[in-house]
2 protein chains.
Amino acid sequence: MSDPVSGQMAQALDASTPDLSPIEQTPLKVQIADRLRRAIITGKMRPGAVLVETALAEQMNVSRAPIREAIQILESDGLVETVAYKGKRVKPLTVREVTETFEMRQLYEVLAVRRIIAGGVDVQALHRPYADMVEAAEAGDRESLVAGDERFHRTLIRLADHDLLLQTWNSIYMRVHQIMALRNDRKVPLVDIATNHLPIIHALEKRDLEKAVALMSEHTRALNDFDPARIVQDPA
Amino acid sequence: MSDPVSGQMAQALDASTPDLSPIEQTPLKVQIADRLRRAIITGKMRPGAVLVETALAEQMNVSRAPIREAIQILESDGLVETVAYKGKRVKPLTVREVTETFEMRQLYEVLAVRRIIAGGVDVQALHRPYADMVEAAEAGDRESLVAGDERFHRTLIRLADHDLLLQTWNSIYMRVHQIMALRNDRKVPLVDIATNHLPIIHALEKRDLEKAVALMSEHTRALNDFDPARIVQDPA
DNA sequence: GCTTTGTCGATTGTCGACAACATACAATTT
DNA sequence: AAATTGTATGTTGTCGACAATCGACAAAGC
């Protein structure tokens, strides 16, 4: 029974634990958008890369309609741009846009910090993603560190208890994630990245608004070493 | 030649001033989205109103594909929501969402004020829309007042010189516009609405950050008399 | 040789049809 | 009478085809 395939078969035939949970339907357009988004924000599809409907439809073995709709989803994510009648491509990154993206992110995260402290919100929930980050960093696992980082920040935004802020942050975080994947900075030790989050937690716990805001501002400040040319050229 | 139809005909036949400017192509989906958006943000289509692709396609004499795509545009505008396999409707308005919408708007406009003052930006451009608003208010023309108000605020955001902020503000302003149209508050004199903008201009001109921020914060604060039930019931 | 025109192939935008899904209501069962 | 099942209808999701547009390249003209 250690054979994975046989394991699945055994589960399907095992009436003692039937899986009768609701079946989630996901339209093709959503599935396609998820895959393309994943490719974009991990840097697999580069800024400027052309998205050709017919090619994607053939490659993914679907018709063009859901491809079109998926691309439109990515357009609303801010990851793709369309020129009518001409085509669609992964949105290029400019220094200006990177700067602006990080500035908006900073605005949102500082707002979250302010709301958490003003609302006297318990920030215990931040410890889990923080611990996950430290663990990943110590194991040299960059991907898990990035995932933990995202969980940390999303938890923080959730704690601000403002649905529109969360939605707006989610949207911009895709771009942030893409930028960070493309930048792929190997110069900062992973452990430093992880442990940088702890002082923020402490300031929040102490309700020290000024310190929390300063720490978060510093933590989310715009990167100023971004070179778009290097990113387009460097497929690594 | 004072007859508008004949005037157009004369222009078309008048080779002395041919119109050879670039022809702008607008895909159907964009045209449809524009019309639907207009209907939504002016309150003609109510929150909760169901959007049926087949009916809209028939009514507008197009096929369903551009309708679907147009609706998706409106979804990314935040004006429409989709439940997969079930349908699409104009997004309902909740008190929470109205509050949050105005809070985010405030965040953006205060950021613009900060950037303008920090950058020493000339705000002369705000006078034109302001004057237009006063003129409209004195003429009792609510629509022109609203249009002028929008121009005032968009100009302000433009002066902040931050593309992502402008884009984000544009997006949220649609919802703001819709909320204001639905609220249709007749209690405040139009002239007061218009003239409220002048102290903001003055504070910006004087580079008085504290005053400008306070004025803008007050100007954009969340409405707290919003009743979603009344809006759905009141088709006026 | 350079510029302009024409043709072709690839792609995008839209169309109408089919399959899949959801809901309302009638018919049947308990 | 209430609950369950079956059927019909309307709508959404996807498909493949046609029309419109674009760009590359060859051919023709200067």
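Report on the accompanying structure. (Residues numbered from 1 in each chain as written. Chains lettered and ligands numbered in written order. Predicted model: local features only at pLDDT ≥ 70, side-chain atom pairs only at ≥ 80, totals over all residues. Heavy atoms only, no water.)

Our focus in this paragraph is the protein's contact with DNA strand D. With respect to spatial proximity, 22 residues lie near DNA strand D, and among them A:Leu28, A:Ser63, B:Gln25, B:Arg64 and B:Tyr85 are the closest. Near-protein atoms of DNA strand D (within 4 Å) split between backbone and bases, with sugar and phosphate holding 73%. The side chain of A:Ser63 places a nitrogen or oxygen atom 2.5 Å from a phosphate oxygen of DNA strand D. A distance of 2.5 Å separates a base oxygen of DNA strand D from a polar atom in the side chain of B:Arg64. Every element with two or more residues in the surface near DNA strand D is listed here: helix 2 (28-41) and helix 4 (64-76) of chain A together with helix 3 (53-60), helix 4 (64-76) and strand 3 (87-90) of chain B. (Near = heavy atom within 4 Å. Polar contact = N/O pair within 3.5 Å; in protein donor to acceptor, adjacent residues only side chain to side chain. Helix = DSSP H or I, 4+ residues; strand = E, 2+ residues; numbered from the N terminus.)

Here the focus is the pattern of salt bridges. One pass over the structure, following the stated rule, counts 36 salt bridges over all chains. Across the salt bridge formed by A:Arg221 and A:Glu218, the nearest N and O atoms sit 2.8 Å from each other. For A:Glu218, a relative accessible area of 48% gives the class partly exposed. Notably, a salt bridge pairs B:Arg89 with B:Glu81, separated by 2.6 Å at the nearest N-O pair. Exposure remark for B:Arg89: the relative accessible area of 35% places this residue in the partly exposed category. Using a relative accessible area of 23% as the deciding quantity, one classes B:Glu81 as partly exposed. Through salt bridges with shared partners, one network takes in A:Lys29, A:Glu69, B:Glu53, B:Arg64, B:Arg68 and B:Lys88. (Salt bridge = Lys/Arg side-chain N within 4 Å of Asp/Glu carboxyl O. Buried < 20%, exposed > 50% of the residue type's maximum accessible area, 1.4 Å probe, protein only.)

Neighbouring DNA strand C are 21 residues; A:Arg64, A:Arg68, A:Tyr85, B:Leu28 and B:Ser63 lie closest to it. Taken together, the sugar and phosphate atoms account for 73% of what DNA strand C places within 4 Å of the protein. A:Gln25 places a polar side-chain atom, nitrogen or oxygen, 3.0 Å from a phosphate oxygen of DNA strand C. At three residues, helix 4 of chain B tops the list of elements feeding residues into the surface near DNA strand C. Of the residues in the surface near DNA strand C, the class split is 10 nonpolar, three polar and eight charged. (Nonpolar A, V, L, I, M, F, W, Y, C, P; charged D, E, K, R; others polar.)

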